[in-house]
Amino acid sequence: MARASARLVRNAPGDFYVDDSCIDCAMCRLLAPAVFRRDDGVGLSVVGRQPRADGERLRASMALVSCPTSSIGTADKGFARAAAHALPDPVEEGVFFCGYASEKSYGASSYLVVRDGGNVLVDSPRAAAPLMDRIGELGGVRFMFLSHKDDVADHAKYAARFGCDRIMHGDDGAARLGVEHVLEGHAEVRLGVDLVAIPLPGHTRGSMALLYRDRFLFTGDHVWGEDDGTLEASRSVAWYSWAKQAESMARLLDYTFEWVLPGHGSPLRADSPQQMRAKVEALVDRMRDGRRA
Ligand code: SF4
C-alpha cells in the first residue's frame, strides 16, 4: 500500500499521489497518461495533474490497481471496485492490454488476444483475482506466449488456473520453467493460421515476437514505441548481443504489421503497414550505423 508520508513532493496537490517506492516502470503513464507523467528530475512517475472527470478518475484507479509496487495512493476510493474489474482494457480487434503488472517482471506489460482458435495470453501479468476472473469471462487462456525469460512473472499460476499450453524459446530456459512447447532454432514457427512466433535473439538469447493476423506484433523487450512516433531499441538493455539484436531487427522487414505491442515502453500504431515498415527501416539503419546508444 502506498504511504502518504512518502508522497513525492513533485505530485500535483490532491487525492492521487505516487510515493517514493515507484520503480519507473511506466504502467501508470500507459493507462492514465492524462494524470501521470514522468518527472525527469527524480526519474520516477508523479501525478502531473489530478483527474478532472469520472473517466479520468477511473483510468487513474486502473493505474493504481496495476502498479506493480503499490506505489500509487488516493483518498478517492469511488472508482476502486470499477477499476479492479475494468481490466483487461480493449486495444483493437480482440486484443486487450492486461494491466496488473508484476514486480517480478519489473512492471512489464502483457496482453490478451481473444480469438476463435483459443485465446492467447502474451507474457504474464500479476495473478490478481479480479483480472483472472475477467479473463475467464472472456474465454480463458488456451496458449500463453512467453516472449523471453524476464517477463514470465506468474506464468505457473495462469497455467494452473486455465490449463493453457505455454510457448517459449529453449534458449531462455523454457524447459527449466516447465513450459509445454519449447521452441528451438531461429526459423519462424506457425502456431495457427493467424499466429507466427518469430525468434529475435538480441535482448536475450531466446527472445521472440508473436505476430497476430499480420497486424499486431507483440515484441517483448526487442523493440518499442516512443512518444515522437518512432520505434526504439537500446544497447543498454541488450543483455545477450546488440549485434544480434540489430540482425533480428532487420528480420522484421520480412513481416507485415501495423502495431508494435511491447513488454516495456509504449505501444505504437502506424497508419498503415507501409508506414510501420518505414519506421522499422529507420531503426534498422540507426542500429547498423551505430547511432543508437
Ligand atoms: S505504475 Fe507504479 S511503479 Fe510503475 S511508474 Fe507508475 S507509480 Fe511507478
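Residues numbered from 1 in each chain as written. Predicted model: local features only at pLDDT ≥ 70, side-chain atom pairs only at ≥ 80, totals over all residues. Heavy atoms only, no water.

J.: Is there a simple way to think about helix α5 (residues 155-162) in this case?
T.: Listed in full, the buried residues belonging to α5 are His 155, Tyr 158, Ala 159 and Phe 162. Here the buried residues of α5 occupy an arc of 100° about the axis, which is enough to place them on one side. Those residues of α5 that are buried are in contact with β8 (120-122), α4 (129-137), β9 (143-145) and β10 (165-169). Two residues or fewer after α5 comes Gly 163, characterised by a positive phi angle close to 60°. (Buried < 20%, exposed > 50% of the residue type's maximum accessible area, 1.4 Å probe, protein only. Helix = DSSP H or I, 4+ residues; strand = E, 2+ residues; numbered from the N terminus. Arc of directions from axis to C-beta. Contact = heavy atoms within 4.5 Å.)

J.: Got a minute to help me understand the sheet that holds strand β18 (residues 259-262) in this structure?
T.: Across a sheet, paired strands are connected by hydrogen bonds in the backbone, their directions being either parallel or antiparallel. If you trace the six strands from one edge of the open sheet to the other, you get β12-β13-β14-β15-β18-β19, paired in mixed fashion. At either end of the open sheet lies a strand with only one pairing partner, and these are β12 (189-192) and β19 (268-269). Note that strand β14 (residues 208-212) and strand β15 (residues 216-220) share three bridges and pair antiparallel. Bridging across to β15, Tyr 212 finds its partner in Phe 216. (Pairing = 2+ DSSP bridges.)

J.: Looking at this model, I keep getting lost on helix α7 (residues 273-288). Mind explaining?
T.: Quick reminder: α-helices carry 3.6 residues per turn. Residues three or four places apart thus point the same way. Between its first and last C-alpha atoms α7 spans 22 Å; for 16 residues at 1.5 Å apiece the expected length is 22 Å, and the two agree. Along α7, the residues that are buried comprise Met 276, Lys 279, Val 280, Leu 283, Val 284, Arg 286 and Met 287. Seen from one end, α7 has its buried residues packed into an arc of 165°, which puts them on one side. Exposed side of α7, more than 90 degrees from the buried face: Gln 274 and Arg 288 are the residues found there. Of the surrounding secondary structure, the elements contacted by the buried residues of α7 are β17 (231-232), α6 (242-251), β18 and β19. (Expected span 1.5 Å × (residues − 1).)

J.: Can you walk me through the sheet that holds strand β11 (residues 181-183) in this structure?
T.: One open sheet holds the seven strands; their spatial order is β5-β6-β7-β8-β9-β10-β11, and the pairing between them is mixed. Of all strands in the sheet, those bounded by a partner on one side alone are β5 (89-92) and β11. The mean inter-strand angle of the sheet, taken between neighbouring strand axes irrespective of direction, is 25°. By the bridge criterion, three bridges tie strand β7 (residues 111-113) to β8 in an arrangement that is antiparallel. (Axes fitted to C-alpha atoms, helices over the stretch in contact; angles between N-to-C directions.)

J.: For this particular structure, what's the right way to read the domain arrangement of the chain?
T.: Put simply, an interface is often sized by how much accessible area is lost when its parts join up. Domain annotation of the chain identifies domain 1 (4-73) and domain 2 (89-288). Taken over C-alpha atoms, the centre of domain 1 sits 26 Å from the centre of domain 2. Of the residues lining the interface, twelve residues belong to domain 1; the matching set on domain 2 comes to 15 residues. In this assembly, domain 1 packs against domain 2 so that about 1,000 Å² is buried in total across both faces, 62% of it on carbon and sulfur atoms. In terms of surface lost to domain 2, no three residues of domain 1 exceed Ile 23, Met 27 and Leu 30, which account for 41% of the buried area on that side. For the interface between domain 1 and domain 2, the tally reads one salt bridge. Residues Asp 89 and Arg 59 are paired through a salt bridge, measuring 2.9 Å at the closest nitrogen-oxygen approach. Where domain 1 packs against domain 2, one counts seven residue pairs in polar contact (both at pLDDT 80 or more). (Domains from an automatic or database assignment. Buried area = accessible area lost by both parts, 1.4 Å probe. Salt bridge = Lys/Arg side-chain N within 4 Å of Asp/Glu carboxyl O. Polar contact = N/O pair within 3.5 Å; in protein donor to acceptor, adjacent residues only side chain to side chain.)

J.: I keep staring at the pairing of strand β2 (residues 36-39) and nothing clicks. Help me out?
T.: Both faces of the sheet carry side chains from a regular strand, because those side chains alternate between them. Taken together, the four bridges between β2 and strand β3 (residues 44-47) define a ladder with antiparallel strand orientation. Pairing of Arg 38 across the sheet is with Ser 45, part of β3. Hairpin geometry of β2 and β3 is characterised by an intervening segment of four residues between the two adjacent antiparallel strands and by a positive phi of about 70° at Gly 43.

J.: Is there a simple way to think about the environment of Arg 57 in this case?
T.: Position of Arg 57 among the secondary structure elements: in helix α2 (residues 54-66). The spatial distance from the C-alpha of Arg 57 to the C-alpha of Phe 16 is 9.2 Å, given a sequence separation of 41 residues. The residues touching Arg 57, leaving out its near neighbours within four places in the chain, are Phe 16, Pro 51, Asp 76, Gly 78 and Phe 79. Within the local environment of Arg 57, its side chain forms a polar contact with the side chain of Asp 54, the two groups lying 3.1 Å apart.

J.: Would you explain the pairing of β15 in this entry?
T.: Counting buried residues along β15, five of its five residues qualify, which places the element largely inside the surrounding structure. Side chains of β15 alternate between two faces, with Phe 216, Phe 218 and Gly 220 and Leu 217 and Thr 219 buried alike. In textbook terms, the turn of a hairpin is the stretch between consecutive antiparallel strands, and for β14 and β15 this stretch comprises three residues, one of which, Arg 213, has a positive phi near 55°.

J.: Explanation requested: the packing of aromatic side chains in the structure shown.
T.: Overall, the coordinates contain five aromatic pairs when judged by the stated rule. Through successive ring pairs, a cluster of aromatic residues spans Phe 97, Tyr 111 and Phe 218. (Phe/Tyr/Trp six-rings, centres within 6.5 Å; stacked < 30°, edge-to-face > 60°.)

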